Every structure is written in C-alpha cells, then in structure tokens.
There are 2 protein chains.
Amino acid sequence: MLRRMTFQEQRLAEGFLFTDLYQLTMAQLYFRTGMAGTRAQFDHFFRAYPNYGDHQAGFCVTAGLAWLLDWMREARVTDDDLAVLRSLTGRTGARLFGDDFLGWLKVHGTFESLTLRAVPEGRVVHPGVPLTVVEGPLIMAQVLETALLAQLNYQTLIATKAARVKDSARGGVVIEMGVRRAHDRGANAGTRAALIGGADFTSNTGMSHVLGFQPRGTHAHSMVQAFVALGLGELEAFRAYAETYPDECLLLVDTIDTLHSGVPNAITVFEELRRRGHEPVGIRLDSGDLAYLSIQAAKQLNEACFPDTTITLSSNLDELVIWQILTQITQEAPTYGLEPDALIRRLTYGVGTRLITSEGDTALGGVYKLVAIQKEGTWRPAIKLSDSRDKVPNPGSKRAWRVYDARHHATADLLSTPEETPRAGERLRLYHPSDPARHRTLPAHEVSRVEPLLTTILDEGRLVYDLPDITAMRELRERDVAALNTGVRRLVNPHIYHVSLSSGLWTLKQDLIHSVMNGTHNGI
Amino acid sequence: MLRRMTFQEQRLAEGFLFTDLYQLTMAQLYFRTGMAGTRAQFDHFFRAYPNYGDHQAGFCVTAGLAWLLDWMREARVTDDDLAVLRSLTGRTGARLFGDDFLGWLKVHGTFESLTLRAVPEGRVVHPGVPLTVVEGPLIMAQVLETALLAQLNYQTLIATKAARVKDSARGGVVIEMGVRRAHDRGANAGTRAALIGGADFTSNTGMSHVLGFQPRGTHAHSMVQAFVALGLGELEAFRAYAETYPDECLLLVDTIDTLHSGVPNAITVFEELRRRGHEPVGIRLDSGDLAYLSIQAAKQLNEACFPDTTITLSSNLDELVIWQILTQITQEAPTYGLEPDALIRRLTYGVGTRLITSEGDTALGGVYKLVAIQKEGTWRPAIKLSDSRDKVPNPGSKRAWRVYDARHHATADLLSTPEETPRAGERLRLYHPSDPARHRTLPAHEVSRVEPLLTTILDEGRLVYDLPDITAMRELRERDVAALNTGVRRLVNPHIYHVSLSSGLWTLKQDLIHSVMNGTHNGI
C-alpha cells in the first residue's frame, strides 16, 4: 500500500530537502570550485503587486517570517537527508553527489550561519523593496531560496488579500473560513496570514488555537437537511441548535427558503430563547442576492424586535463582492425604510476560497536574487541583465527607507547604498529604478520622517529580534495602512506608490549595467 | 518569541482539529439530540470543471485519496485535541463543549468507523459524479468533511492542470518545478498531484524521493551571476558545471544574452565535453520569446553538430503558452531551414507557478453533501433545494457508471440508484440531471461497455483495496484520457461530456424535490 507519508518521510519532505534540486547541484559545484567559504548576499523582493484581473492591489502586507525562522532552525541537514542525496543518480546511473560534498554538508548544512534582515511581518510593502536580505556563506544562502520563497510568498499574498477584504468590509468583523478549498496543509499558513492581514477570526480550529484565538463557527446546511430528512424540519433543527448553544445562537437560514422559511423560523426560535433569558447572536446568509436578502432579513428581524442581531454573510465573498453588497445596501435599504449604516454595522463576513487562495492572482511573484558576492574580503555587486530594463534588480548591499510627507503619509520608499542615510527635514532626490528621465526632488519641509524598513533578525544565526505576536503584527498593519494615501488603498485601479533609488544606488546600478554590457561585448 | 509551531502544535493543527469549528459544534448537537448512533451518507463531488478564464477544462483527474486515507487513520482525536476543545469558550465565557460530548468523542472520535467508496486516483472524472462516498455514523462522517475537501479538492485541481499541460506538450517531458510559488507546504501535495496528472518529474527533492522518483534540476541564473561578479564570466561558469557534472550538462543560457553569449558559450563547453568523451544533455531557455529562441538555439546547436541535445523551456509555462510555442515553431521553423517536428521532439518543459497553483482557477469547487440518513434502519434520501435547479444535488445512495460507445470512447457517465445495473449491449435511457426536457436513448449497439466507477476502499475502516503506486495511477490516467473524444480534450472551449441520471434516480430526485417543496409550503 502506498502510504501518504510516514512521519520520517514527512520530515524529509518538509525539512532540508523541501527544495529544488538545482539548489543542491549548485551547492556541490560551489564546493568543488573552492567557493565553499565565499560569502554572498541575496535580496528577496517582489516585482509587482497582485493583479486579480479586474482589480489590483496597491500595496502588500508582509507575512511568514516567524515560520521561516523556525523552519531555518529545524531544517538542519539530517542523516536521512544525506542518505537521500547519496541515492540520487544521473543519466548514466552514477551518483549525483559525491562523498566529499556530502561530508562538507553534514558539517555545514545548517541555516544557522546566515545573517538575515527583514521587514517585520504585518508591514505594508511595495515592489522592488527587499523584504528579506540574506547574507552568509554562498552555499547555504543559495540553498535557502526555495523554502524561503514558498513560505514568504504565500503568506504575503494572503495577508495582502486579507487587508483588502478588511478594508472593503469598512471595519466589519471578517472570519477566515477557507480551509476546505485551500491547498492541502498550506491551509494553516493561509489561516495565519489571513489573521495577520485582516481577518479577525478563523473557523480553522487547530490553527486558531495554536495562534491564540478562539475559532468561530456554528452549523452547516447539512444539519437542517438531516433534520428534514428525518421528518423533523428546519424549525426543529433551529430549536435543537438553540437548546445546545443558547448563548451562541447563530442560525443558517438559507437551506430551504431564506425569507419564507429560514428567517421566520429563526425569529420563532429567537423569541423562545429570549423568553428563556438568552439573547440570540444572529443569522447567516450563504446564497442568493446577499444585499437584497440582508435588507429583507433585517426588516423581518427589526419588526420582531431583534434590531441588533448580527447578519453574517458568506458565499464566494471577496473585496469586490463585499464592496458591491455594501454599495447596493446603501442605495436600496432606504427604499425599504431601513437605515443603511445601521444595517452595515450589524454585518459580519465569512470569507473562504477567494481569500485563502487569493483568487485571481494565486502566487506572489517574489524572487530571491544574488546582489553581491565577496572576493578577497571586498563585496562585489552582482547584477542580472534581462530583456526588460524594468526587471534588472537593484545591485549590491542596500538599505530601504520609508519617507513620510508633511501630513505624515507614506509618500515613497527609497532604496540607498549602505553609506547613505536620508534624514527627516532634508531635501531628498528620488530616482526612478529604471527610467533615467524620471526623478524628482522632495523639498525639506515635505520630509517629515524617514524610517528604516529593514531590521536585523538573525545575526549569524543568532536571533536578535523580539518577534511580535499576531496582535502586534495587526497593529503594525493597521498603522501602515492608515498611513497610505487613500488613492493607494483603492480596491480598483489604485494610485501608484513610488519606490525610488537614491543617487548613490542609481549611479552604482548604471555603472554596473554598462560594465556588464561592455563585458558582454568583449566576449564574457 | 512566537514560534512557527512546536511539533505538538503542528500535529494539532494538521490532525483531528484540521477542521472548521462548525463540524464540531454540529457534532455536539447531534450527540445531545440523541443522533450519535444515526448513520448517514455523504457524497463528495464537484459541480463544474476548472475555468481558467480564457480556457476551461473538459475533464478532471482525481488525486489525493491515498493521503486522505492515511490522514483518516492518523487523525484519531487525541488528549491534546480534547484539551483544546475543553478550552474553547463562547460569548459569555462559558465552555463551548461539555464533558458529556468530549467523553463520547474520546471513545468514538475516530474515522475508522467509516465506509468509503471512491473513484481511484488518476481517473478522468466529471461534474456531479461522486468521487468519494462516505457512509457511517453521522457525527464522524460530518466531521470528516473539511479535511477530505482540503486534501481531495487541491490534488484533483492540480492533477487536472497537469493532464492539460502534458496534453499540450504532445508527449514531451514535463518537469514540475513550482515549489517556490506554491502555497507553503501545500507544495508537497501539489507535487504529488502533478506527478499523477501528467508531470514526468519534479524539482521538489524531498517529495520526489518519497514518491520514488529521481528529482530533476541543474543550475539557476545566480550561478552565472556569481561567476560574473567574481570576474570570471559565463563561460567559466559553464565550464565549472561541465567539470562537476560531465554527464548531466544542462546549461541555462539566458543570464546575459541568449543567442550571443549563452548558446555560443554552451557550445564551446559541449565541444570540450565531447572531446573528453561525454555527451552534453542540453540547454535551458528561461526568458524571452521561447519559440523564436528555441529555433535560433537549435540552429546554432545543429550547426555545431549537436542535433540531439535537449532544449528545456521554462518561464511561466502553462498549457496555452506551450500550445502557442509549438504552433509558432511549426510555422516559423521551416523559414530558418529547420524541421519543426525534430525541434519539438527535443523540447522539455519546466512548468512552475501556473501548474502548482492552477493559475486562473485556484480552487476546485468540490462539495460534500448529505445525501441520505437512516431512520429506524431505513435510508431516507436527503436533498438541499437552492435558488438554482442546476445546483440541487442528486439524492440518496447511488452508483456511478461510465458508458463506452461502439468505438470504445467514453460517451457518458451515468448515475443510478443501487438497484439499477446498466449493462453493455443494452439500450440505455439517459436523463439530464436537472432539465426534464433533455434526455436521450443510447441504442444497444452503442453501449460497448458499462464500467462501475466507484470502488469500495474502506469497509467500516478496514482497507479492502490495494492502493496503486504513482506509476499505476498514471497508466489509469493515460488510458482514461485516451478514451475521451478529442473534442472533450480540447484546451479551449472543450465539448461537453454528458453526466446523466438513470430513470430510477431521475424519478427519485423529482419526487423528493416535490415533497420538500410541498413540505415547505406546509410550513416545515
């Protein structure tokens, strides 16, 4: 029988060997060519915001760092890993990895040799800005790539989507409930990222507990179906629920007919509950025209003297659907004698598939690029030219800054060389990353604050940073989102936030492009 | 410090509590209302093929079952799980779960009580056909829902995408290499599904080994960049690679300039290799116009007497991009004096992000619906009405059949009651699942074979099925894909495959809809 994985196999598939083979073939090459002691720097960044098709993100929210750090600590190469590598063969049947390299790896195959700077989780981030900077021995810094990207790309993608959903919900409670449509056990990382980015709660029971939150959930259609099939009916199902959970009575009302069966039956049960001294929580709508149904359900609830019970909406929600529902409620509620804002305040949002899979754009294009390598104690910047000038990464070791304007809004992110320190109250020159014709000057009075974005997290493997909890990450996110211009926060066609280069970095980049291009022409 | 998860926490988040809370609140309600002994049946099926936007699947490929079975065996409730449930509280601070229910769960909280029938992994499947049928105690059959869907939905989604990619590659070798853009550790499930559905190899080192395949991979741009930054250049990087891997020499040629640097340097190194008695493997192109570049690269390689070296293509490939590349090669290669088919035969495809995230449609809409419940020893069919007649699930216990026509092509899937046994050589009446006006009759000579699709896998928890290995699953997939009409296999706008009901099931469904609707009108 083919088993899923034994425990040993799961450790294998999620540990050091959770990587693309070419990281290891390159590692052996570096070892064989005498570069085992060479130090290198890699930048992790994304090139473009998620584009969901008919809508696009104007900012991202970082997430995943704490899990990456734990992975790095635990994913030291094991004897099992080495045995796998020893078993790999090439076309001729000869072993791919030699005992020389595997012997080296047994001693040095740990990520604890690396220094890591990063933008903390929960922060708003933009394209081209290094989110993570890894420095250390070339081999292990290179091998880290795959696992780093798999973990940081996905969580950043989902935290970003969650921030958009939360924004569209105008502060309403958002519950993540996408496990069943997530990508297998990636669900747990998705739940975590959603809680950092904007979800208030999750239905994911185990993960919610691990992260310190009470999970949320009530009942599904199947409960009502079961009662109906047993000849008991929806009302009896609701009564059973109220009996079992008198203080948590939230009823799903669309199994049979929302307005003619579900809501009236819920009201009957709510009245019985109230007579017994309990206040009901509310109802959930999971199909149909959610704007229309929430207005009509609110009307019935109000008339029955339940003006405060919540109305939870679910069914393929995302930021655009929520926006559309709230727009429709604002327009239509008054024609039914309802105050739209009062209705909107009682809404809660259950968001599933479209959040946990980032529907429309399912992968953040985060990359991990070599930016510098040491030779005889001196850092030499590395660059990769490509067809498109836009895609040439910014070379060398660098710093990242956020510049705030006179209104204390974030106005630009600025990348500089390590030697440059832009300061508040000083005139700043900002260069477009690829177009020499585009640069601008911020006058001194428009520079109210210049904030460094990267923090040293690991110093040669030693954790030198107090990792915050999810609540603190959420506060960072709320603060950063609030500091964005509203145009950047637009759900559709957002205003472009500027990421610029300092004059020092701009000059270095141009010089390097020219020298490599000249080198090419000379036959490198 | 917030740690990713301790081992104990990971087990917690991936075990019994890898579920939506409402499964457990419903479970307690069933326990409290005396339904702990009630038996139920649930069908798992999807309602629509993945729609990627500008293209759509005309069939799916099942995957994920073996991992689900292992999860079911291992995810028995533990004392840790019970402690978590004991700690959950509601709005008033009171405990959500009582000791009565938790005591029951401690004894009965195992999925080993369930009987499971399923369509084996690797088979072609269609909307509305039950892929998995779960029968057993209502509580545990209900609690299984979330984990079953998370595991089967994702792997089926990816196996489907992989089958399309393999079809578009006209049999060329496909290598899965998407880990870095996958959804965290969901990557490993995605790799497995890709290997079942159509990928020949993967770069995912650990998972490849666990599944019994040699992983694939060579080097990245960063290797060439490192050599350039150290003042050595691309040629020296290629020489180092050939030195380290003389029999596996596959060189990535687009770091500097594909046609003016990469390919000429690769040829220099290939010639040196050949003089030393080794044949090179080939080159990889990872940017630019892959059709044009592969033609020009093939021309240079041919002229240098390397007419057989492979050309691996990568960079955002999916089934449409591959189709477009091959179409362009077919049209353009002759104008450069190349035979298109010879070029296409030497191509290999590295497929990453768009395969492992199923770009365009990131979640299979698989659902898990109550279809029957026992009362006093008799099965009572359950149904859920909804706004759309199309979405009413097929009620009751049922069988699923595949009907083959005179040319031995699959012509329809047929759902029937357990009492019906359609046979080859008999006239078959096929009813549209929702539209009474649409039915057709297959004459006896058009029914060459009627194959049951569901196999009993677990009999009250006991495994009664020999689970095949990945190679056997691939053979099933190849056989099933070959049995489809070519119209159904079209990458864009595929012909609709028919899933029909037998007259017995059609009658049951209509009767049940009417009785529930009448019941509603009577105030249920």
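Residues numbered from 1 in each chain as written. Chains lettered and ligands numbered in written order. Predicted model: local features only at pLDDT ≥ 70, side-chain atom pairs only at ≥ 80, totals over all residues.

**Student:** Could you clarify how one ought to interpret the overall build of chain A in this entry?
**Tutor:** Tallying secondary structure elements over chain A gives 19 helices and 21 strands in all. Taken over the C-alpha atoms alone, chain A extends approximately 85 × 70 × 40 Å along its principal axes. Evaluated residue by residue, chain A yields a buried proportion of 55% over its 524 residues. When contacts within chain A are restricted to residue pairs at least 6 apart in sequence, those whose partners lie at least 24 apart make up 73%. (Helix = DSSP H or I, 4+ residues; strand = E, 2+ residues; numbered from the N terminus. Buried ≥ 20, exposed ≤ 12 C-beta atoms within 10 Å, placed from the backbone. Contact = placed C-beta atoms within 7 Å.)

**Student:** Even after reading the chapter, I still don't get unusual backbone geometry, so can you show me in this structure?
**Tutor:** At A:His408, a residue that is not glycine, the phi angle is positive and equals roughly 65°. Take A:His408: it is sitting in the loop between strand S14 (399–404) and strand S15 (410–416). In this model, B:Asn316 sits at a positive phi of 55°, which is unusual for a non-glycine residue. Relative to the elements of secondary structure, B:Asn316 occurs in the loop between strand S10 (310–313) and helix H14 (319–332). Among the residues examined, B:Asn316 registers 14 C-beta atoms within 10 Å and is labelled partly exposed.

**Student:** What should I look at first to understand the relation of the copies chain A and chain B in this one?
**Tutor:** Here the second copy of the chain follows from the first by a rotation about an axis and a shift along it. The two copies are related by a screw motion: chain A maps onto chain B through a turn of 180° and a shift of 0.0 Å along the axis, at an RMSD of 0.0 Å. On the angle and the small slide along the axis, the relation comes out as a two-fold axis. Closest approach to the rotation axis within chain A is made by the C-alpha atom of A:Gly186, at a distance of 2.1 Å. Mapped onto chain B, 100% of the interface residues of chain A again fall at the interface, so both copies present the same surface. (Least-squares fit on C-alpha atoms with pLDDT ≥ 70 in both.)

**Student:** In this structure, what is going on with the interface of chain A and chain B? I would like to understand it.
**Tutor:** For interface size, the figure often reported is the accessible area lost on association. Each partner contributes to the interface: chain A provides 112 residues, whereas chain B provides 113 residues. With eight residues, helix H2 (residues 21–32) of chain A is the single largest residue contributor to the side of chain A that touches chain B. Partitioning the side of chain A that touches chain B into residue classes produces 51 nonpolar, 38 polar and 23 charged. (Nonpolar A, V, L, I, M, F, W, Y, C, P; charged D, E, K, R; others polar.)

**Student:** Quick question: what am I supposed to make of helix H11 (residues 234–244) of chain B here?
**Tutor:** Helical geometry note: an α-helix holds 3.6 residues per turn, so side chains three or four residues apart project in the same direction. Every buried residue of H11(B) is accounted for by B:Glu234, B:Ala237, B:Phe238, B:Ala240, B:Tyr241, B:Ala242 and B:Thr244. Looking at the buried positions of H11(B), the neighbouring elements they touch are H2 of chain A together with helix H10 (221–229), strand S8 (250–252) and helix H12 (258–275) of chain B.

**Student:** Which parts of the structure should I look at to understand the environment of B:Ala162?
**Tutor:** Residues and elements named next belong to chain B. Locating Ala162 in the fold gives a position in helix H7 (residues 145–168). In sequence terms Ala162 and Ser358 are 196 residues apart; their C-alpha atoms lie 8.9 Å from each other. Residues within four places of Ala162 in sequence aside, it is in contact with Ala193, Ala194, Gly197, Gly198, Ala199 and Leu355.

**Student:** Help me out: how do you make sense of the nonpolar core in this one?
**Tutor:** A general trend in soluble globular proteins is that nonpolar side chains are found buried together. Residues A:Leu251 and B:Leu251 are the most contacted members of the largest nonpolar core, which totals 325 residues. Mapping this core onto the domain boundaries places at least three of its residues in each of domain 1 (7–159 + 361–521) and domain 2 (160–356) of chain A. Discounting residues that sit within four places of it in the chain, A:Leu251 has contacts with A:Phe238, A:Tyr241, A:Ala266, A:Val269 and A:Ile283. (Core = buried A, V, L, I, M, F, W, Y, C linked by C-beta atoms within 7 Å. Domains from an automatic or database assignment.)

**Student:** When you look at the sheet that holds strand S6 (residues 173–176) of chain A in this model, what are you seeing that I'm missing?
**Tutor:** Two orientations exist for strands paired in a sheet by backbone hydrogen bonds: parallel and antiparallel. All names here are of chain A. Ordered in space as S7-S6-S11-S10-S9-S8, the six strands form an open sheet in which the pairing is parallel. The open sheet has two edge strands with one neighbour each: strand S7 (201–202) and strand S8 (250–252). In terms of strand pairing, S6 meets S7 through two bridges, oriented parallel. Residue Glu176 lies in a different strand from S7, and its bridge partner there is Thr202. (Pairing = 2+ DSSP bridges.)

**Student:** Where do I start with the pairing of strand S3 (residues 115–118) of chain A in this structure?
**Tutor:** Sheet faces and side chains relate simply in a regular strand, where the side chains alternate between the two faces. All names here are of chain A. Note: S3 against strand S5 (residues 132–137), four bridges, orientation antiparallel. Paired with Leu116 across the strands is Val134, a residue of S5. Pairing of S3 with strand S19 (residues 455–459), which is carried by three bridges, proceeds in the antiparallel orientation. What sits directly across from Ala118, in S19, is Thr455.

**Student:** Which parts of the structure should I look at to understand the packing of H11(B) against H12(B)?
**Tutor:** Between two packed helices, the angle of one axis relative to the other and the distance separating the axes together describe the packing. Residues and elements named next belong to chain B. As a packed pair, H11 and H12 sit with axes 9 Å apart at the nearest point and diverge in direction by 40°. Every pair of crossing elements has a handedness; the one defined by H11 and H12 is right-handed. Of H12, the residues touching H11 (which contributes Glu234, Leu235, Phe238, Arg239 and Ala242) are Ser261, Gly262, Asn265, Ala266, Thr268, Val269, Glu272 and Leu273. Taken together, the residues that form the contact of H11 with H12 break down as six nonpolar, four polar and three charged. (Axes fitted to C-alpha atoms, helices over the stretch in contact; angles between N-to-C directions. Left-handed = near helix turned anticlockwise from the far one by under 90°.)

**Student:** Could you clarify how one ought to interpret the environment of B:Ile383 in this entry?
**Tutor:** All names here are of chain B. Inspection of the secondary structure assignment puts Ile383 in the loop between strand S13 (378–381) and strand S14 (399–404). In this structure, the C-alpha to C-alpha distance between Ile383 and Gln296, residues 87 residues apart in sequence, is 61 Å. With near-sequence residues (within four places) excluded, Ile383 lies in contact with Val392, Pro393, Pro395, Leu512, Ile513 and Val516.

**Student:** Please clarify how the packing of H10(B) against H11(B) should be interpreted in this entry.
**Tutor:** All names here are of chain B. One can describe the packing of H10 onto H11 by two numbers: an axis separation of 8 Å at closest approach and a directional angle of 125°. The orientation of H10 relative to H11 falls into the category oblique. The two elements H10 and H11 cross, and the hand of that crossing is right-handed. Residues Met223, Val224, Phe227 and Val228 of H10 touch H11, and the partners they reach there are Glu234, Glu236 and Ala237. Of the residues belonging to the contact of H10 with H11, the class tally is five nonpolar, no polar and two charged. (Parallel < 35°, antiparallel > 145°, perpendicular 65-115°, else oblique.)

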